[in-house]
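Per-entry structural report
Residues per chain are reported as follows:
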Amino acid sequence: MTDDKFGQKVGDTLLDPRNNRIWKGLLWLLAILLLVDVALGWYWSWEPDLSEVNRRDGAVAGETMTREVIHVASTLLDKPGGYLSNDMLPHRLWLDNMPSWEFGVLVQLRDVTRVMRRDMSRSQSQSQEDPFLAIAEPQFNFDAESWAMPATESEYRRGIRALENYLEALRRQDGSAQFYARADNLNYWLNEVQNRLGSLSLSLSQSVGRTQLNTDNDTPVGQLDKEERFVKTGWMQIDNVFYEARGASWALVQLMRAIEVDFADVLRRKNATVSFRQMVRELEATQQTLWSPVILNGSGFGVFANHSLVMANYITRANASLVDLRKLLQEG
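1. Remarks on the overall build of the protein
In terms of regular secondary structure, the protein is built from 11 helices and two strands. Secondary structure elements of the protein occur, N-terminal to C-terminal, as α-α-α-α-α-α-α-β-β-α-α-α-α. The contacts of the protein with a sequence gap of at least 6 include a subset with a gap of at least 24, amounting to 75%. For the protein, the computed accessible surface area is about 18,700 Å², with 55% contributed by carbon and sulfur atoms.

The structure is reproduced here in structure tokens:
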């Protein structure tokens with residue numbers, strides 16, 4: 001076959017109407033799949049609403065809190081779209097806000113299950129730890145991004161089942177499980193919360209770049225100028241930090257509402273109920289509807305809003321209330 005005939009045959013093939021229809025069909029299919037993926041991504045990015053926490057009739061000490069820990073963990077896995085942090089599908093490339101929200105929730109789950117295992121379920125440091133909590137606590141410390149063998153979801157669900165077993169043991173009141181609603185145990189958990197809120201507030205405030213002194217080590221006074229450094233959150237990380245703080249605050253509000261039920265007598269004896277509720281109210285403000293389609297990063301007193309600084313304000317105020325609350329629990 002001559003080159004002219006070969007070229008003519010290839011050209012005829014490309015111009016064949018049937019081939020054009022195939023290519024158009026593939027392009028339309030790709031566009032539809034992309035549109036569906038974007039729509040699902042938008043739906044999966046909806047954050048769970050705050051829910052009320054009430055004491056059930058005949059509930060024993062620790063039952064309300066344990067139920068709420070289970071609720072927070074189940075919401076993490078069963079919300080619209082399920083657990084997204086280990087997702088391998090294409091939408092994972094642009095759906096980074098929800099995985100950041102999930103990480104904020106997960107950190108609070110890890111903290112509260114650790115304190116429950118180490119302190120709240122034990123009468124003293126020499127007493128035996130609860131076997132169900134000994135299973136639950138390490139399960140939530142499993143790799144948050146494991147896709148398979150084993151999948152993160154299966155490990156976290158094992159932790160939820162262990163918490164459900166602990167809850168059933170508490171309800172039986174046969175001594176196989178205990179929960180000690182004491183001021184010192186509450187203070188242990190609040191110390192963890194205080195550290196987390198302080199870290200989140202600092203990360204959020206760094207959305208506005210500024211020069212600050214290095215506070216990570218002791219520096220002689222004469223060398224302070226040499227220890228200055230410019231700190232600013234990268235513009236690609238602004239929304240991640242914001243949604244991590246938002247997820248952590250959501251989990252804390254849910255857990256604190258349960259704490260107020262189980263530790264009501266402690267808060268009343270220490271005259272700390274009002275301080276506790278004020279702290280919760282500040283954290284509830286972090287869950288207000290976000291009307292902007294993107295997280296804005298305006299500078300200081302600039303023209304545009306800075307959502308990170310607004311979030312940092314609420315978290316800092318909650319942390320200030322938390323400091324006062326801990327003093328009341330220790331000295332009140």
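2. Some remarks on the nonpolar core
Membership of the largest hydrophobic core comes to 74 residues, with the highest contact counts inside it found for Met65, Trp189, Met256 and Leu325. Broken down by element, the residue count for this core peaks at 14 residues, all from helix H8 (residues 238–262). Setting aside its immediate chain neighbours within four residues, Leu325 contacts Leu190, Leu267, Ala272, Ser275, Phe276 and Met279.

3. Digging into the pattern of salt bridges
Under the defined criterion, the tally for this structure stands at 18 salt bridges. Of the charged contacts in the structure, one is a salt bridge between Arg196 and Asp111, with a shortest N-O distance of 2.8 Å. A residue pair is termed long-range when its members are at least 10 positions apart, and Arg196 in helix H7 (residues 183–205) and Asp111 in helix H4 (residues 97–120) qualify at 85 residues. Classification of Arg196 as partly exposed rests on a relative accessible area of 33%. Since its relative accessible area comes to 1%, Asp111 is described here as buried. The shortest N-O distance in the salt bridge between Glu168 and Arg171 comes to 3.0 Å.

4. Here we look at a nonpolar patch on the surface
Taken together, the side chains of Ile22, Trp23, Leu26, Leu29 and Leu33 make up a nonpolar region of the molecular surface, amounting to roughly 560 Å² of accessible area. By the secondary structure assignment, Leu29 is in helix H2 (residues 17–44).

5. Brief notes about the packing of helix H10 (residues 273–284) against helix H11 (residues 307–331)
Contact geometry of H10 with H11 gives a least axis separation of 8 Å together with a crossing angle of 165°. Classed by the angle they form, the pair H10 and H11 counts as roughly antiparallel. The hand of the H10/H11 crossing is left-handed. On the side of H10, the interface is formed by Ser275, Phe276, Gln278, Met279, Glu282 and Leu283, while H11 contributes Tyr314, Arg317, Ala318, Ser321, Leu322, Leu325 and Leu328. Among the residues forming the contact of H10 with H11, the class breakdown is eight nonpolar, three polar and two charged.

6. Looking at the packing of helix H3 (residues 63–78) against H4
Running from N to C, H3 and H4 cross one another at 150°; their axes reach a closest spacing of 10 Å. Considered as vectors, H3 and H4 are oriented roughly antiparallel to each other. The way H3 lies across H4 gives a crossing that is left-handed. Across from Met65, Thr66, Val69, Val72, Ala73 and Leu76 in H3, the residues of H4 making contact are Glu102, Val105, Leu106, Leu109, Val112, Thr113, Met116 and Met120. Residues of the contact of H3 with H4, tallied by class, amount to 11 nonpolar, two polar and one charged.

7. Comments concerning the environment of Tyr188
Within the secondary structure, Tyr188 is located in helix H7. Distance from Tyr188 to Met120, taken between C-alpha atoms, is 9.0 Å for residues 68 residues apart in sequence. If sequence neighbours within four positions are ignored, Tyr188 has contacts with Val115, Arg118 and Asp119.

8. With respect to the side chain of Thr64
With respect to the element layout, Thr64 can be found in helix H3. With relative accessibility at 0%, the residue Thr64 sits in the buried group.

9. With respect to the packing of aromatic side chains
Note on aromatic pairs: each is described by the distance of the centres and the angle between the planes. Scanning the model with the defined rule gives five aromatic pairs in all. For the ring pair Trp101 and Trp250, a centre distance of 5.3 Å and an interplane angle of 45° mean the geometry is tilted. Taken as a pair, Trp101 in helix H4 and Trp250 in helix H8 lie far apart in primary sequence, 149 residues in all. Trp250 shares its class with Trp101; the two are buried. The interplanar angle of 70° and the centroid separation of 5.9 Å between the aromatic rings of Phe179 and Phe263 together place this pair among those described as edge-to-face. One end of the pair, Phe179, is in the loop between helix H6 (152–172) and H7; the other, Phe263, is in the loop between H8 and helix H9 (264–269), with 84 residues separating them in the sequence. As far as burial versus exposure is concerned, Phe179 and Phe263 are alike and both buried. Feature note: the residues Tyr83, Phe140 and Tyr156 constitute an aromatic cluster, connected by ring pairs.

Reading the values: rules and limits
- Residues numbered from 1 in each chain as written.
- Predicted model: local features only at pLDDT ≥ 70, side-chain atom pairs only at ≥ 80, totals over all residues.
- Heavy atoms only, no water.
- Helix = DSSP H or I, 4+ residues; strand = E, 2+ residues; numbered from the N terminus.
- Contact = heavy atoms within 4.5 Å.
- Areas by Shrake-Rupley, 256 points an atom, 1.4 Å probe, with all protein chains shown as cover.
- Core = buried A, V, L, I, M, F, W, Y, C linked by side-chain atoms within 4.5 Å.
- Buried < 20%, exposed > 50% of the residue type's maximum accessible area, 1.4 Å probe, protein only.
- Salt bridge = Lys/Arg side-chain N within 4 Å of Asp/Glu carboxyl O.
- Patch = residues over 30% accessible without salt bridge, like charges linked within 9 Å, V, L, I, M, F, W, Y side chains within 5 Å.
- Axes fitted to C-alpha atoms, helices over the stretch in contact; angles between N-to-C directions.
- Parallel < 35°, antiparallel > 145°, perpendicular 65-115°, else oblique.
- Left-handed = near helix turned anticlockwise from the far one by under 90°.
- Nonpolar A, V, L, I, M, F, W, Y, C, P; charged D, E, K, R; others polar.
- Phe/Tyr/Trp six-rings, centres within 6.5 Å; stacked < 30°, edge-to-face > 60°.

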